[in-house]
Amino acid sequence: MSLVRVVGTHQMYQKMHQQGLSLIEVLLSLGLSSVMFLVLFTAQTHSQKVLVYSHQLHYANGLLGQLAAQVWAYPHHYQNLINTSLTLDLGCLEGNQCNGADMTQAWATHWQRSLLHNLPGGEFNLQCNGACTQGNRLTIGLTWTQKLAVADDKCEKGVACIHLDIAL
């Protein structure tokens, strides 16, 4: 009988000491949980940065499309698209009668204001291959500060840029 009693006491001893988690198990699970939450937070933060960059690229492409339409609508006044004045009267865009040069300058002012609001450090540039005359190409460029942008042959790292070539 004493043999059964010893085995029974040993089982009771194991049950009594196996009911909780050890401190090492708790610390290990907390450490793994912390690492998982850190990875999730980092992924979420990066995803939001990529979403902002994507939104900026979408906006910039739309803006270049509007600029191209303006160049084709007023081909003799596209140089006015580089207007950096933010105080020009925008009455042409509100239905006032305007000539081509005034309309182009009004659009340039509108786009410059919008650019500064939507793209950090945004700038337009226009270049022609040779003379800016019919038969040549006009390149409209748009650059802005963006940490996720990688370097390429036209832009340095940290600067996003897109270009549009238009036949004159």
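Bear in mind that the values here come from a model prediction, so they are computed numbers and not experimental data.

A look at the sheet that holds strand β2 (residues 137-145)
Spatially, β1-β2-β3 is the arrangement adopted by the three strands of the open sheet, whose pairing is antiparallel. The sheet is open, and its two borders are formed by β1 (123-128) and β3 (159-167), each paired with just one other strand. Neighbour-to-neighbour, the strand axes of the sheet open up by a mean angle of 20°, direction not taken into account. One ladder, built from nine bridges, connects β2 with β3; its direction is antiparallel. Counted as the bridge partner of I140 is L164 from β3.

Quick notes on the pattern of salt bridges
Taken as a whole and assessed by the stated rule, the structure comprises one salt bridge. D165 serves as the salt-bridge partner of R137, at 3.7 Å between the closest nitrogen and oxygen. Separated by 28 residues along the polypeptide, R137 in strand β2 and D165 in strand β3 bring together distant segments of the chain. On the accessibility criterion, D165 (42% relative accessible area) is partly exposed.

With respect to the confidence of the model for the protein
On average, residues of the protein carry a pLDDT of 80, and 82% of them reach 70 or more. Averaged over each element, pLDDT in the protein is lowest for helix α1 (residues 2-17) (56) and highest for helix α2 (residues 23-73) (90).

What about the nonpolar core?
Core analysis: the biggest nonpolar cluster contains 24 residues, and L142 and W144 have the highest contact counts within it. If you list the elements that add at least two residues to this core, you get α2, α3 (100-118), β1, β2 and β3. Residue contributions to this core peak at eight residues, all from α2. Those residues in contact with L142 that sit more than four places away from it in its chain are A60, L63, L64, L115, L119, E123, F124, A160, C161 and I162.

Describing the packing of α2 against α3
Where α2 contacts α3, the axes come no closer than 11 Å and their chain directions differ by 175°. Put simply, α2 runs roughly antiparallel to α3. Seen from α2, the contacting residues are Q56, Y59, L63, Q66, L67 and Q70; seen from α3, they are M103, T104, W107, W111, S114, L115 and N118. Considering only residue class, the contact of α2 with α3 consists of seven nonpolar, six polar and no charged.

Criteria and thresholds
Residues numbered from 1 in each chain as written. Predicted model: local features only at pLDDT ≥ 70, side-chain atom pairs only at ≥ 80, totals over all residues. Heavy atoms only, no water. Pairing = 2+ DSSP bridges. Helix = DSSP H or I, 4+ residues; strand = E, 2+ residues; numbered from the N terminus. Axes fitted to C-alpha atoms, helices over the stretch in contact; angles between N-to-C directions. Salt bridge = Lys/Arg side-chain N within 4 Å of Asp/Glu carboxyl O. Buried < 20%, exposed > 50% of the residue type's maximum accessible area, 1.4 Å probe, protein only. pLDDT = per-residue confidence, 0-100. Core = buried A, V, L, I, M, F, W, Y, C linked by side-chain atoms within 4.5 Å. Contact = heavy atoms within 4.5 Å. Parallel < 35°, antiparallel > 145°, perpendicular 65-115°, else oblique. Nonpolar A, V, L, I, M, F, W, Y, C, P; charged D, E, K, R; others polar.

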